[in-house]
Structures are given as structure tokens and as C-alpha cells.
Amino acid sequence: MDNTNCILLRFGELFLKGGNRAYFESVLIKNIKSALKGFKFKFVKSQGRYYIEEFPNEDLEEIISLLTKVFGLYSLSPAYKIKTDIEEIKKLAVKISPAEGKFRVTVNRADASVNMRSMDIARDIGAEMFMSSNRLTVDLFNYDFELSVDMRENGFSYVFYKKIACAGGLPYGTGGRAVLLLSGGIDSPVSAYQMAKRGVIIHAVHYHSFPYTSELALQKVHDIAKKLAPYIPDMRLTVVPFTDIQTEIHKNCPSDFMITIMRRFMMRIAERVAKENGAGALITGESLGQVASQTIESINCTNAVVSLPVFRPLIGMDKEDIIAIAKKIDTYEISIRPHQDCCTVFLPKNPVIHPKLKDAEVYESKLDITALEDSALQKS
């Protein structure tokens, strides 16, 4: 891969978008260029293909790492771009061929000026590789190495042997805007990633209970936001002081209802932030049955205080599946740092598992909800 001079990019779901395809492509191209801001490169678009060219070879690995995190790209290949000349392609194939093992050659001939069938070109290139080493064998089905040759209409061929998976999904910014309730835990960063993968612009809200929770707990959230940045560019983060609200709940409401009423406050405040910022939905990291506050009855109680739709992309996922994604996006080790978030302050020993909405409303009637929310937002 040391002498590759091009990166071939592939995109997927955009083909399904019909008349909107131009819009999705324009956003994807903007995101690709934004991800590589600060690097020297040339972006080339040609007949359903994107290419990154004219970059310093020492930047190759870092550029690839950034591109794999751009939603809308499905895979990429470091490639050798050469003039379409079958003899030159044979020489290159021999040069980059492994010394031993089973291999095959595939050719995509989009250049109609090449007067040979793809199958025949592949056979000739394969024969040249085979003759270069007596430890190579051809196997079209169970191979160790696949050499691919993409002959394009522009007179160039792109030769590659590696496909690297990218993030997939839809281009970030094509799915509207939503507010995420971001804790310092494992789940909510994964929810952010899952919704951003569907093109949703994320504005995060975090509730901080200083001095009951330390500045290290808040630092966790900032560090998580940095890890999400390659996937979610320019994610806004609003930190809402939550101590006064929790104190008033603790004073005036039964301890077993604390989590339920806290969550209702969080949802109302998040909806206000959403409406102030043109967002059309809320996002949480809830997974059904994972903790006491994530039963159907609890979810109904929290949903009742907002009018915006609430997306819960993890609702049917097992914890191990969520952890796997957290590790993939590199937020897991930050999330498990031993610094409590506000949900653990005044945590009741036996929180209500199946709360009734009417009970929550009765207990909340003892609180000046609007004043508490106004004060928290003014200090955010």
C-alpha cells in the first residue's frame, strides 16, 4: 500500500434516493471534504465513483481513518491509478502480487474503447501473476488475495487489492435535527452514533449536579463528545445545572419516584432546548428493561410531558450489543470511568418500576416546575 496514489470511495444507499440523489450526494461530498480539512488532496468525481488523489503518501493512513467515519461511505480501497494500458497493468499486478498463496483477478471494464472482454483481461493478468511465482495458485472461490482492476471511462484504471469498511448509513445532515440527552454512560453516545448514521444532526444536552458530581464527571462528557466528533461534526453541547431541581424533588416527592420525576424534568428541558434550536425530535439511550427507569410504564410517564417524538435507537438491543458499538466508536473506556453522573445522586434504594402517570402528576404538583426549569436553562 506504500505507493498507492489514490483512494477509491464507494457509497451505497444514495442509489435509493431517486430524485433526491443530487442533494444527498452534495451533502456527502461536503462532509468528505470537511473530514479531510487541513490535508492536501484532490477530490475527483467520475461516473458513480469518488476518488481522493494527490495527497502526500505519509498522510494515507490518517486520511483513510477519517474517511471510514464519514456516514454515507460504505467502503474504500487504496488504489494505484495508472493509464489504461493492459501491459502496464500486468507489470503493476506482478509488482504488488504476493509471493505465495491462492489468488484471483477481477476486472470491471467500463471503458468501451478497450477491445477485450473483462474475463479475458482478468485471465491475461492472472497468467502473468501466476508465471511470476511458482508458489502462487489460482482459485476463483477460496482465495487469499484478490486483485481488482476498475477500467474507467476517463482512460485510467484503478488497481487495488483491499476493501476497507466505512461507517455506511446516510450523509450526516440529511436527516433533520434532534436533541440528545447525553449522560456520561455507555448508552447515550451509542444512541448519538446510531441516529447520526441516519443523517440526523445532533445537539446534546447534559445534566450536571455540581457539587454532588465532580468536574471529572463533566469532563467525561466533553471527552465523549470529542470521540464522537469524527462521526458527528460540530456537535453542540448544552450543560444544564440540575442540582436545584434534584434537591427540590428530594424534599417534596417520595424517594421511589425520584428517578421518574427527574426524567420528566430532563425531557421537558430537552424539548425546550430542541424548540429553541429548530430540532424536531429528542433522542435517549434507553433500552427496554435495562434499569428500573426503562420499563414501558416509566417510558410512558416521561413521554407524557413532551410533544416532540422521542427516538430510542437502542430500545431492543442487548447490553453486549451496545457495548460492542461503544468499543467500535471508542467511547466505552471513557464511559466506564468511575465518575457518577447526576442520575446517581440521591438514588433511591427501591425506585418505582411501574409508575402511574397520575401519581407522578400529583407529586409534581408540589413543585414550581416552570420556575425550576427557567432557572436551570438560564444558568446553562
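Residues numbered from 1 in each chain as written. Predicted model: local features only at pLDDT ≥ 70, side-chain atom pairs only at ≥ 80, totals over all residues. Heavy atoms only, no water.

Could you give an account of the packing of aromatic side chains, with specific residues and numbers?
Tallied over the full model, the rule gives 10 aromatic pairs. When the ring of Tyr 51 is compared with that of Tyr 158, the centres are 4.1 Å apart and the planes differ by 10°; the resulting orientation is stacked. One end of the pair, Tyr 51, is in strand β3 (residues 49–53); the other, Tyr 158, is in strand β8 (residues 156–160), with 107 residues separating them in the sequence. The buried category is assigned to Tyr 51, whose relative accessible area is 0%. Seen from their ring centres, Phe 257 and Tyr 363 are 4.9 Å apart, and the 70° between their planes marks the pair as edge-to-face. With Phe 257 in the loop between α7 (243–252) and α8 (258–276) and Tyr 363 in helix α12 (residues 357–364), this residue pair connects regions lying 106 residues apart in the sequence. Members of the aromatic cluster, connected to one another through ring pairs, are Phe 11, Phe 43 and Tyr 50. One cation-aromatic arrangement involves Arg 268 over Phe 265; the distance from NZ or CZ to the ring centre is 4.9 Å. (Phe/Tyr/Trp six-rings, centres within 6.5 Å; stacked < 30°, edge-to-face > 60°. Helix = DSSP H or I, 4+ residues; strand = E, 2+ residues; numbered from the N terminus. Buried < 20%, exposed > 50% of the residue type's maximum accessible area, 1.4 Å probe, protein only. Lys NZ or Arg CZ within 6 Å of the ring centre and 35° of its normal.)

Which residues make up the pattern of salt bridges, and what are the values?
As enumerated under the stated definition, the model contains 26 salt bridges in all. Note that Glu 25 is salt-bridged to Lys 45, the shortest N-O span being 3.6 Å. Remark: Lys 45 occurs in strand β2 (residues 42–46) and Glu 25 occurs in helix α1 (residues 21–35); sequence separation between them is 20 residues. On the basis of relative accessible area, Glu 25 is assigned to the buried category, the value being 9%. Residue class for Lys 45 comes out exposed when judged on its relative accessible area of 51%. Residues joined by salt bridges that share partners form a network here, namely Arg 264, Arg 268, Arg 272, Glu 364, Glu 373 and Asp 374. (Salt bridge = Lys/Arg side-chain N within 4 Å of Asp/Glu carboxyl O.)

Mind laying out the sheet that holds strand β13 (residues 282–283), listing which residues take part and the relevant values?
If you trace the 5 strands from one edge of the open sheet to the other, you get β12-β11-β10-β13-β14, paired in parallel fashion. Two strands lie at the open edges of the sheet, namely β12 (236–241) and β14 (310–311), each paired on one side alone. Taken together, the 2 bridges between β13 and β14 define a ladder with parallel strand orientation. Within the sheet, the bridge partner assigned to Leu 282 lies in β14 and is Val 310. Across the face of the sheet, helix α5 (residues 187–196) comes into contact with β10 (177–181), β11 (201–208), β13 and β14 while running at roughly 170° to β10. (Pairing = 2+ DSSP bridges. Contact = heavy atoms within 4.5 Å. Axes fitted to C-alpha atoms, helices over the stretch in contact; angles between N-to-C directions.)

Explain the domain arrangement of the chain to me, using residue names and the numbers behind them.
Taken as a whole, the chain is organised into domain 1 (6–165) and domain 2 (177–378). With centres defined by C-alpha atoms, the gap from domain 1 to domain 2 works out at 43 Å. (Domains from an automatic or database assignment.)

Before we move on, can you summarise a nonpolar patch on the surface with the specific residues and values?
A cluster of nonpolar residues, Phe 130, Met 131, Val 138, Leu 140 and Phe 141, forms a patch on the protein surface that exposes about 610 Å² of accessible area. Secondary-structure assignment places Phe 141 in the loop between β6 (136–138) and β7 (145–151). (Patch = residues over 30% accessible without salt bridge, like charges linked within 9 Å, V, L, I, M, F, W, Y side chains within 5 Å. Areas by Shrake-Rupley, 256 points an atom, 1.4 Å probe, with all protein chains shown as cover.)

Please provide a residue-by-residue account of the pairing of strand β4 (residues 73–83), values included.
Bridge analysis of strand β1 (residues 6–11) against β4 gives 6 bridges, and the strand direction is antiparallel. Residue Cys 6 lies in a different strand from β4, and its bridge partner there is Ala 79. In this structure, β4 lies alongside strand β9 (residues 164–165), joined through 2 bridges in antiparallel fashion. If you follow Leu 76 over to β9, its bridge partner there is Ile 164.

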